[in-house]
Amino acid sequence: MKRTHSCNALRGADQGKDVTLCGWVRRRRALGNLIFVDLRDREGITQIVFDPAAAPEAYEIAKDIRGEYVISVSGKVRSRGDQVNKDLPTGEIEVLASAIKVFNTAETPPFHLENEDPTDDLRLRYRYLDLRRAHLQKALGLRHKVALAVRNCLDSLGFWEIETPVLSKSTPEGARDYLVPSRVHHGKFYALPQSPQLLKQLLMVAGMDKYFQITRCFRDEDLRAERQPEFTQIDLEMSFAEKEDVFEVGEAVMKTAFKTAGYDIETPFPHMTWQDAMDGYGSDKPDLRFGMVIQNVTEIFKGCAFPPFASAIEDKGSVRCIKVEGGASLPRRRLDELNEVAKKEKAKGIFYVKYEAEGRKSPMKGLTDEEWAALEKRMLPSEGDLLILSAGPALTACKGLGAVRLQLGQELKLIPENTFAFTWITDFPLFQYSEEEGRWVSEHHPFTSPNALDFDILESDPGHVRSNSYDLVINGYEVGSGSVRIHDSKLQDRIFRLLKLEPQQIEDRFGFFINALKYGAPPHAGVAFGLDRLTMLLTGRNNIRDVIAFPKTLKATDLMSDAPSTVSQEQLDELAVAVTRTEEEELQG
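Residues numbered from 1 in each chain as written. Predicted model: local features only at pLDDT ≥ 70, side-chain atom pairs only at ≥ 80, totals over all residues. Heavy atoms only, no water.

Asker: An account of the packing of helix 4 (residues 134–156) against helix 14 (residues 531–538) is requested, with residue identities and associated values reported.
Answerer: Direction vectors running N to C along helix 4 and helix 14 enclose 120 degrees, while the axes themselves pass 10 Å from each other. Considering the angle they form, helix 4 stands oblique to helix 14. The two elements helix 4 and helix 14 cross, and the hand of that crossing is right-handed. Taken together, the residues of helix 14 that come into contact with helix 4 (itself represented by A139, L142, R143, V146 and A147) are L531, D532, L534, T535 and L538. Looking at the contact of helix 4 with helix 14 residue by residue, the classes come out as seven nonpolar, one polar and two charged. (Axes fitted to C-alpha atoms, helices over the stretch in contact; angles between N-to-C directions. Helix = DSSP H or I, 4+ residues; strand = E, 2+ residues; numbered from the N terminus. Parallel < 35°, antiparallel > 145°, perpendicular 65-115°, else oblique. Left-handed = near helix turned anticlockwise from the far one by under 90°. Contact = heavy atoms within 4.5 Å. Nonpolar A, V, L, I, M, F, W, Y, C, P; charged D, E, K, R; others polar.)

Asker: Summarise the sheet that holds strand 3 (residues 44–50); cite the residues concerned and give the values.
Answerer: Pairing is mixed around the closed barrel formed by five strands, whose spatial order is 1-2-3-5-4. The sheet shows a mean angle of 55 degrees between the axes of neighbouring strands, direction not considered. Relative to strand 5 (residues 93–104), strand 3 runs parallel, the two sharing two bridges. Looking at the pairing, I48 lines up with V95 of strand 5. (Pairing = 2+ DSSP bridges.)

Asker: Pulling in residues and values, what's your account of the side chain of Q194?
Answerer: Looking at the secondary structure, you find Q194 in the loop between strand 8 (189–192) and helix 5 (197–205). Engagement of the side chain of Q194 in a polar contact is seen with the side chain of D177, the distance being 2.6 Å. (Polar contact = N/O pair within 3.5 Å; in protein donor to acceptor, adjacent residues only side chain to side chain.)

Asker: Report on the packing of aromatic side chains, specifying residues and quantitative values.
Answerer: Tallied over the full model, the rule gives 18 aromatic pairs. Centroid distance F247 to W424: 4.4 Å. Interplanar angle 25 degrees. Geometry classified as stacked. Here F247, found in helix 6 (residues 243–260), pairs with W424, found in strand 17 (residues 422–426); they are 177 residues apart in sequence, far enough to count as distant. On the basis of relative accessible area, W424 is assigned to the buried category, the value being 0%. Three or more aromatic residues link up through ring pairs in this structure, and these residues are F258, Y263, F269, F420 and F422. Residue placement shows R405 over the ring face of F290; its charged tip is 3.9 Å from the ring centre. (Phe/Tyr/Trp six-rings, centres within 6.5 Å; stacked < 30°, edge-to-face > 60°. Buried < 20%, exposed > 50% of the residue type's maximum accessible area, 1.4 Å probe, protein only. Lys NZ or Arg CZ within 6 Å of the ring centre and 35° of its normal.)

Asker: Can you lay out the environment of A147 for me, pointing to particular residues and giving the numbers?
Answerer: Mapped onto the fold, A147 is located in helix 4. Measuring from C-alpha to C-alpha, the distance between A147 and A421 comes to 22 Å, with 274 residues separating the pair along the chain. Not counting the four nearest positions on each side in its chain, A147 is found in contact with I214 and L531.

Asker: For the pattern of salt bridges, give the residues involved together with the corresponding values.
Answerer: Taken as a whole and judged by the stated rule, the model has 43 salt bridges. The closest approach of N and O atoms between K200 and D235, which form a salt bridge, is 3.0 Å. In this pair, K200 is assigned in helix 5 and D235 in strand 10 (residues 230–239), connecting sequence segments 35 residues apart. Each member of the pair, K200 as well as D235, is classed as buried. Ionic pairing is found between E230 and R216, a salt bridge with its closest N-O pair at 2.9 Å. Of this pair, E230 sits in strand 10 while R216 is found in strand 9 (residues 210–218), placing the two residues 14 residues apart along the sequence. Accessibility expressed as a relative area gives 25% for E230, which makes it partly exposed. R216 gets classed as partly exposed once you look at its relative accessible area, which sits at 34%. (Salt bridge = Lys/Arg side-chain N within 4 Å of Asp/Glu carboxyl O.)

The structure is reproduced here in structure tokens:
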């Protein structure tokens, strides 16, 4: 009973064929003296019919099978006549069974695999059952096809796939590393790579010219819907390249990936500076599928008597505004909730104006008729519209309105489905100041080249230095990130000194890399695309766990295997590692 076809292969043209199918029993039902079984594998479903007149022995066995039994069935393909199931690709036919073999029985699953959506904990605890569900199998199948297509695309563009080590050196400048103690060298540790950043740059020093890798990366950071502690990225690097060269390759990769999923996208993608993204959308990963662009209305309110606006402008801040078409119907309670949304972004809150049939309504007091007229001339509200304003430091006011914009875009169904909006975000700040550490830190990573026009202000005005970096944003998600790299050891040393890294720190963490730059490093640039997020977008899901075979929870635990878990004292002794406190002890205070 060797399998001849998948459960999605047979069609009307196959009538009369003798076939053997293997899979899981999706559903069994008895109608009169016949037994019908929907047999499922990862490809699809085929209906099997057991008739005691045609195959009495097979019929007797079929009486005892239940859902999720693993079976093999041989029989003849026949038409379903006028009982066609138009919801199935195989709906024109069925297989009249002549023989059946039960490979394995199955207990009743803890949740229904077809109709119910179980809780996340239950799904992840029984992930091997959850993965039998059609939408998850389809997602993993598309992920495979996208990865394969991207490999072929990059190969055609002259890239070589080169593997880099998983056990490498800890070079902490960003997220926390996952550390691996060495059994041979007690007291020393490997780190799992946050990315192959330094190694792929060393490949450029080595003359590999064009490198790529679909690689696993690890970051010990707080999780959310689109983030996991281990993830997969499409990583690439090019010698003698500027950002425009990376854009061209990146867009070819995206066009290939989307075509694999059945979408024909247009290239080249638009570009937007970081400053324009923050000013217009309050985010460095703006969702451009809908409008509601943030407007700077500061000039209108200079000298106004409304205290929140007056104090913000006096403190060199600004007043920003968005127009919500049809938003006047939002109740006060919802506006109060949106006020809290803005405050979570450290904004001071929001103010609003409703334009109803009876006229303008707003709790804002003290604005002159001229100020109202200037605001309305700028924002052009119509009856039924809502204006939402925020005042304070420009960046926080924009971030607050940006968060409100996204909430309302989803709530008011302003975001069109099955559409994709791409943009490259450029000219990020090279540094941000860390109050906690009392120093400048890298916005991207310390190997990112500054914008050549800003070299002269590196030390005198680091807060205004732009980076030669770029992100690819799709539908409000950062799907790719990269930069032109520093290839001059002297410039790299300037960056390290500005970051207040001590000479010994630099030598301990990056000495091998700095030394390599002295041996003829070419100019080079690269980018990495998140395969998980990309697949999530292509499948229309809103959580990357739906496109990863065995994901972890928001607490970075694997409920199925109970990882992380304790290990034996013997293992710890071999590694010369002592556990000073446990999670249980911390929970007990």
